[in-house]
Amino acid sequence: MTFDRSLKIAPSILSADFADFGREIRAVEDQGANWIHVDVMDGHFVPNLTFGPPAVKAFRRHVTTFMDVHLMIAPVDPYIEAYADAGADLLTAHVEAGPHIHRTLQAIRGNGMKAGVALNPGTPAEAVAHVLDICDLVCVMTVNPGFGGQSFIDMTAKVRQLRTMIGDRPVHIEIDGGVTPETAPLVREAGADVLVAGSAVFSGGSVETPAPYGENIRAIRLSCDTLV
Ligand code: DX5
Ligand code: ZN
């Protein structure tokens with residue numbers, strides 16, 4: 001079977017109503033989300049704090065697609081088992097979070113999850129050159145992690161370089177931060193297949209009025225469809 005490089009939109013629930021995660025997840029899935037992106041922040045690796053394993057386990061009950069958990073925490077290794085138990089399909093750790101990304105990725109896979117590795121904007125593509133055979137996804141941050149709603153930092157050249165480095169390996173390229181219908185085609189054209197979008201998906205809608213979520217998802221998708 002050929003590897004799925006079709007476009008996948010992954011709404012980040014960082015932009016959802018924090019008092020209503022279950023219904024928000026179901027609403028964006030009904031409106032066409034392919035994956036659900038869950039941003040875990042520790043107030044240490046990044047200057048913001050969100051939620052931990054028990055909350056992620058509660059989200060899991062509402063996710064019918066694919067739960068993509070993005071850890072912005074350091075250290076990572078002591079928590080891997082807890083996120084496996086919480087039901088993460090894919091667990092992403094930052095290459096900057098510690099000295100042993102290779103061991104971390106092995107441990108994520110060893111706990112039965114797909115393994116992702118994220119790169120901050122200031123980190124070169126080469127930092128993941130020796131882990132491409134033991135990961136399932138490379139996440140290219142197009143903002144400095146910590147908050148939703150920031151402006152896109154153009155990492156198109158890095159995405160293009162990673163696409164070449166990955167070659168035929170079954171590894172996704174995910175973009176996280178500032179994705180809109182204006183910026184999505186740039187990274188899609190460079191080789192990305194998973195686009196995380198928080199504010200651009202959740203703006204204008206609510207669980208009571210979810211249609212804008214669908215319109216926002218379709219607008220991102222359509223902006224990429226015009227590519228040859
Ligand atoms: C940033 C998070 C992102 C963020 C994206 O630290 O990792 O997933 O929620 O939000 P937008 O799409 O609003 O930039
Ligand atoms: Zn994220």
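Above this text is the structure in question.
Residues numbered from 1 in each chain as written. Chains lettered and ligands numbered in written order. Predicted model: local features only at pLDDT ≥ 70, side-chain atom pairs only at ≥ 80, totals over all residues. Heavy atoms only, no water.

Check the secondary structure of the chain and you find eight helices and eight strands. Its C-alpha atoms give the chain a radius of gyration of 16 Å, near enough to 17 Å, the size a compact globule of 228 residues would have. Referenced to the eigenvectors of the C-alpha coordinate spread, the extents of the chain come out at roughly 45 × 45 × 35 Å. When burial is assessed residue by residue, the chain has 54% of its 228 residues classed as buried. Contacts spanning at least 24 positions in sequence make up 66% of the contacts within the chain whose residues lie at least 6 apart. Total accessible area on the chain is roughly 9700 Å²; 53% of this is exposed by carbon and sulfur atoms. (Helix = DSSP H or I, 4+ residues; strand = E, 2+ residues; numbered from the N terminus. Rg over C-alpha atoms; globule rule 2.2 N^0.38 Å. Buried < 20%, exposed > 50% of the residue type's maximum accessible area, 1.4 Å probe, protein only. Contact = heavy atoms within 4.5 Å. Areas by Shrake-Rupley, 256 points an atom, 1.4 Å probe, with all protein chains shown as cover.)

In this structure, Ile 13, Val 38, Val 56, Val 69, Val 138 and Leu 195 are the most contacted members of the largest nonpolar core, which totals 72 residues. When near neighbours in sequence (up to four residues on either side) are disregarded, Ile 13 contacts Phe 18, Phe 21, Ile 25, Ile 36, His 37, Val 38, Phe 51, Phe 59 and Phe 202. Of all hydrophobic cores here, the second largest spans 11 residues; its members include Leu 90, Met 141, Val 143 and Val 196. (Core = buried A, V, L, I, M, F, W, Y, C linked by side-chain atoms within 4.5 Å.)

This part takes up the coordination of the zinc ion (ligand 2). At the metal site, the zinc ion (ligand 2) is ligated by His 37 (NE2), Asp 39 (OD), His 70 (ND1) and Asp 176 (OD), and these contacts range over 2.0 to 2.3 Å. Sequence spacing of the donor residues for the zinc ion (ligand 2), all on one chain, is H-x1-D-x30-H-x105-D. With Asp 39 in strand 2 (residues 36-41) and Asp 176 in strand 7 (residues 172-176), this pair connects stretches of sequence that are 137 residues apart. Note on accessibility: Asp 39 and Asp 176 belong to one class, buried. (Donors = N, O, S within 2.8 Å, 3.2 Å for Na, K, Ca; no water.)

So, on to the pattern of salt bridges. Two side chains carrying opposite charge are able to pair once their charged atoms lie near each other. One pass over the full model with this rule turns up nine salt bridges. Note that Lys 8 and Asp 4 form a salt bridge whose closest N and O atoms lie 3.6 Å from each other. Across the pair Arg 160 and Glu 189 runs a salt bridge whose closest N-O atoms are separated by 3.2 Å. Of this pair, Arg 160 sits in helix 5 (residues 156-166) while Glu 189 is found in helix 6 (residues 184-190), placing the two residues 29 residues apart along the sequence. (Salt bridge = Lys/Arg side-chain N within 4 Å of Asp/Glu carboxyl O.)

Quick look at the site of ligand 1 now. Close contacts around ligand 1 come from 20 residues, with Asp 39, Gly 146, Asp 176, Gly 198 and Ser 199 the closest. Gly 198 is positioned such that a nitrogen or oxygen atom in its backbone is 2.7 Å from an oxygen atom of ligand 1. The fraction of the free accessible surface of ligand 1 (380 Å²) that becomes covered by protein chains is 100%. Because more than half of its atoms lie within 2 Å of the grid, ligand 1 is assigned to the largest cavity. (Near = heavy atom within 4 Å. Polar contact = N/O pair within 3.5 Å; in protein donor to acceptor, adjacent residues only side chain to side chain. 1 Å grid on protein atoms, 1.4 Å probe; cavity = no way out; pocket = protein on both sides within 12 Å on 5 of 7 lines; lining within 4 Å. Sits in = over half its atoms within 2 Å of the grid points.)

This paragraph deals with the environment of Leu 119. Relative to the assigned elements, Leu 119 resides in strand 5 (residues 114-119). A C-alpha to C-alpha distance of 19 Å links Leu 119 and Ile 80, two positions 39 residues apart in sequence. If near-sequence neighbours (up to four positions away) are discounted, Leu 119 is found in contact with Val 95, Glu 96, Pro 124, Ala 125, Ala 127, Val 128, Val 138, Cys 139, Val 140, Met 141, Lys 158 and Leu 162.

Under the definition given, this model contains seven aromatic pairs. Taking the centre distance of 4.8 Å and the plane angle of 50 degrees together, the rings of Phe 18 and Phe 21 count as tilted. Residue class for Phe 21 comes out buried when judged on its relative accessible area of 11%. Ring geometry for Trp 35 against Phe 66: centres 4.4 Å apart, planes inclined by 40 degrees, an arrangement best described as tilted. Placement of the pair is Trp 35 in the loop between helix 1 (21-30) and strand 2 and Phe 66 in the loop between helix 2 (53-60) and strand 3 (67-72), with a sequence separation of 31 residues. Assessed through its relative accessible area of 7%, Trp 35 is described here as buried. Joined through ring pairs, the aromatic side chains of Phe 18, Phe 21, Phe 51 and Phe 59 make up one cluster. (Phe/Tyr/Trp six-rings, centres within 6.5 Å; stacked < 30°, edge-to-face > 60°.)

Our focus in this paragraph is the pairing of strand 8 (residues 194-197). In strand 8, alternate side chains face the same way, and those of Val 194 and Val 196 on one face and Leu 195 and Ala 197 on the other are all buried. Alignment of strand 1 (residues 8-11) against strand 8, held across four bridges, turns out to be parallel. Looking at the pairing, Pro 11 lines up with Ala 197 of strand 8. Here strand 7 pairs with strand 8 via three bridges, running parallel. If you follow Asp 176 over to strand 8, its bridge partner there is Val 196. Note on the crossover from strand 7 through helix 6 to strand 8: the handedness is right-handed. (Pairing = 2+ DSSP bridges. Right-handed = clockwise from strand over helix to strand, strands pointing away.)

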